[in-house]
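# A structural walkthrough
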Amino acid sequence: MSILVVGSVAFDSVETPFGKAEEVLGGSGTYFSTSASFFTDVNLVAVVGEDFPQKHIDFLCERNVDLRGLTTAPGKTFRWSGEYGYDLNEAKTLDTQLNVFADFCPELPEAYLDAEYVFLANIDPELQLEVLKQVVRPKVVACDTMNFWIEGKRDALINTLKYVDILLINDAEVRQLANEANMVKAARKVLTMGPKTLVVKRGEYGATMFTEHGIFVAPAYPLESIYDPTGAGDTFAGGFMGYLATVDDNSEAAMRQAIIFGSIMASFNVEAFSLDRMRTLSFSEVQERFRKFQLLTEFNGID
Ligand code: AMP
């Protein structure tokens, strides 16, 4: 199955304790599409400005991302800048410029309307719903968001969440959305807002999935060199949804497997700035890391 995604395509400026990158390729839609493209076909809905260079379009085309839903509008491309301290788990946003996204009214290409797997990557929740409403019969709808929208467009976000099956956000965002400090209580509250599954991304501490059946916990792949965590969440979501769409299964067991693929894709992405690690990554490296990942949590039961 292919995946339809709406999200940002951006220029990012990022500073971490290990280096700096100015106006490099970024955006939630970009990271998600690139990661999911290792698993299945991806149809991207987004907008860029006239300043967006052909080389970035070429990169997405090389990854086989369908760009019929990518519009070029008069004006400037979305820009985000952020920095990280030694604790690379949370980005501090320095600046967000919506630019062409401020007035974007997407009309989905005919070929996208019967999408079964839909990912609403981090972008204005009104825009997420606008895209979702055009899809005829989605089978699995997953969604991401961030503090910028939880604070700035809370009501619209709560409305979008009513139509979402799986929400993937980080731990601080869960607490903020639920207005609750305890993670288990906060997760339970979020599960009353629409999504039946909540995947909490916890950076270097892994990911936790909450469903009506219980809790599943996965570690993050331990890495010696992390250069830039930007896009880790979107890359995680790309691996997660990419796997689900490939096996066309959203059972609890498939979602557990998908979390491992998400963690693996994110672990590669943080090894370099922007999407640079994705440029050289091969699927056999993904499979090799999957096997190593399995050994991380293998232990004997008790009689
Ligand atoms: P992540 O590190 O996975 O949470 O996502 C980082 C990406 O999200 C960056 O490439 C940014 O361009 C993009 N981003 C940051 N803020 C926003 C926002 N308010 N709306 C949409 N995308 C954003």
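Attention in this report is confined to the structure presented alongside it. (Residues numbered from 1 in each chain as written. Predicted model: local features only at pLDDT ≥ 70, side-chain atom pairs only at ≥ 80, totals over all residues. Heavy atoms only, no water.)

Moving on, we come to the packing of helix 9 (residues 252-269) against helix 11 (residues 283-296). At a minimum axis distance of 10 Å, the contact between helix 9 and helix 11 shows a crossing angle of 115°. When you trace helix 9 past helix 11, the crossing you get is right-handed. Here Gln 257, Ile 260, Phe 261, Ser 263, Ile 264, Met 265, Ser 267 and Phe 268 of helix 9 lie close against helix 11, whose contacting residues are Glu 285, Val 286, Arg 289, Phe 290 and Phe 293. Along the lines of polarity and charge, the residues of the contact of helix 9 with helix 11 split into 8 nonpolar, 3 polar and 2 charged. (Axes fitted to C-alpha atoms, helices over the stretch in contact; angles between N-to-C directions. Helix = DSSP H or I, 4+ residues; strand = E, 2+ residues; numbered from the N terminus. Left-handed = near helix turned anticlockwise from the far one by under 90°. Contact = heavy atoms within 4.5 Å. Nonpolar A, V, L, I, M, F, W, Y, C, P; charged D, E, K, R; others polar.)

Once that is clear, we can look at the pattern of salt bridges. Under the definition given, this model contains 15 salt bridges. Where Lys 153 meets Glu 126, a salt bridge forms, and the shortest distance between an N and an O atom there is 3.4 Å. Of this pair, Lys 153 sits in the loop between helix 4 (147-152) and helix 5 (154-161) while Glu 126 is found in helix 3 (residues 125-134), placing the two residues 27 residues apart along the sequence. A residue is classified by how much of its surface remains accessible, and Lys 153, at 24% relative accessible area, is partly exposed. Residue classification places Glu 126 among the partly exposed residues on the basis of a relative accessible area of 47%. The shortest N-O distance in the salt bridge between Lys 201 and Asp 144 comes to 3.6 Å. In this pair, Lys 201 is assigned in strand 11 (residues 197-201) and Asp 144 in the loop between strand 9 (140-143) and helix 4, connecting sequence segments 57 residues apart. For the pair formed by Lys 201 and Asp 144, the shared burial category is buried. Taken together, the shared-partner salt bridges in this structure form one network comprising Glu 271, Arg 277, Glu 285 and Arg 289. (Salt bridge = Lys/Arg side-chain N within 4 Å of Asp/Glu carboxyl O. Buried < 20%, exposed > 50% of the residue type's maximum accessible area, 1.4 Å probe, protein only.)

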